[in-house]
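# Commentary on secondary and tertiary structure
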Amino acid sequence: FPSHDIDRFFILPATYALCNNIYYHSSLLFITSAVSANYWRRAQPSWRRDLDFIVAKMAMVTGVSTGIMYIRPPYVTIFATGLSGLSYCYYLSNHLYARNNPNWWKYHVAFHALLMCEQFLVFYTMVIHQTQPHQI
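Residues numbered from 1 in each chain as written. Predicted model: local features only at pLDDT ≥ 70, side-chain atom pairs only at ≥ 80, totals over all residues. Heavy atoms only, no water.

As a further point, take the overall build of the protein chain. Per the secondary structure count, the protein chain includes five helices and zero strands. Along the chain direction, N to C, the helices and strands of the protein chain fall in the order α-α-α-α-α. For a compact globule of 136 residues, the expected C-alpha radius of gyration is about 14 Å, and the protein chain comes in at 15 Å, within 12% of that figure. Reported as C-alpha extents along the three principal axes, the dimensions of the protein chain are approximately 50 × 25 × 20 Å. Nonlocal contacts in the protein chain, meaning residues at least 24 apart in sequence, comprise 64% of its contacts between residues at least 6 apart. A total of about 8000 Å² of accessible surface is found on the protein chain, and carbon and sulfur atoms cover 65% of it. For the protein chain, the distance from the average site of its 9 positive side-chain charges to the average site of its 5 negative ones is 4 Å. (Helix = DSSP H or I, 4+ residues; strand = E, 2+ residues; numbered from the N terminus. Rg over C-alpha atoms; globule rule 2.2 N^0.38 Å. Contact = heavy atoms within 4.5 Å. Areas by Shrake-Rupley, 256 points an atom, 1.4 Å probe, with all protein chains shown as cover. Lys, Arg positive; Asp, Glu negative; His and termini not counted. Charge placed at Lys NZ, Arg CZ, Asp CG, Glu CD.)

The next thing to look at is the packing of helix H1 (residues 11-19) against helix H5 (residues 104-131). Relative orientation of the contacting elements H1 and H5 amounts to 10°, with a least axis distance of 9 Å. As judged from the angle between their axes, H1 and H5 are roughly parallel. Where H1 approaches H5, its residues Leu 12, Pro 13, Tyr 16 and Ala 17 are matched on the opposing element by Met 116, Gln 119, Phe 120, Phe 123, Tyr 124 and Val 127. Grouping the constituent residues of the contact of H1 with H5 by class yields nine nonpolar, one polar and no charged. (Axes fitted to C-alpha atoms, helices over the stretch in contact; angles between N-to-C directions. Parallel < 35°, antiparallel > 145°, perpendicular 65-115°, else oblique. Nonpolar A, V, L, I, M, F, W, Y, C, P; charged D, E, K, R; others polar.)

Right, let's talk about helix H3 (residues 47-70) for a bit. Its 24 residues place the ends of H3 34 Å apart at the C-alpha level, agreeing with the 34 Å of an ideal helix rising 1.5 Å per residue. Elements that come into contact with the buried residues of H3 comprise helix H2 (23-40), helix H4 (75-98) and H5. Among the residues of H3, the N-terminal cap falls to Ser 46, whose side-chain oxygen and the backbone nitrogen of Arg 48 are separated by 3.2 Å. (Expected span 1.5 Å × (residues − 1). Polar contact = N/O pair within 3.5 Å; in protein donor to acceptor, adjacent residues only side chain to side chain.)

Glancing now at the state of the cysteines. If you walk through the whole model with that rule in mind, you get zero disulfides. Left without a disulfide partner, Cys 19 is nearest to the cysteine sulfur of Cys 117, which lies 18 Å away. Summary of cysteine pairing: Cys 89 is not part of a disulfide, and the nearest cysteine sulfur, belonging to Cys 117, is at 11 Å. Judged by its relative accessible area of 8%, Cys 89 is buried. (Disulfide = S-S within 2.5 Å. Buried < 20%, exposed > 50% of the residue type's maximum accessible area, 1.4 Å probe, protein only.)

Here's what the structure looks like:
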């Protein structure tokens, strides 16, 4: 399983954000993708793994806090459901990996797919806010 390929999940929402002048978030996702791909090209405990964790956590905190600031009904339910799914997939991926279960990567990929959807939702609501501030 080429783990570094899932880092490309960040490229689509990063490009969407860039095209909509959401520069900070776009840059953060491009950097997150590059740092993660650098770690997964030779996944082993090292400074690359530490940097991947730090940058990923920064991106996650930024994304969730931005979502809390911008997402309003009817999108709140979708966002909250997505966060629940993310938490479940993250937990199960780590749980199975720790037990050497070969299916851990399926939950890791599902985590990244859900994360990509959440990123699009956050950016979409930011775009709505930019173009129609009274709507949000």
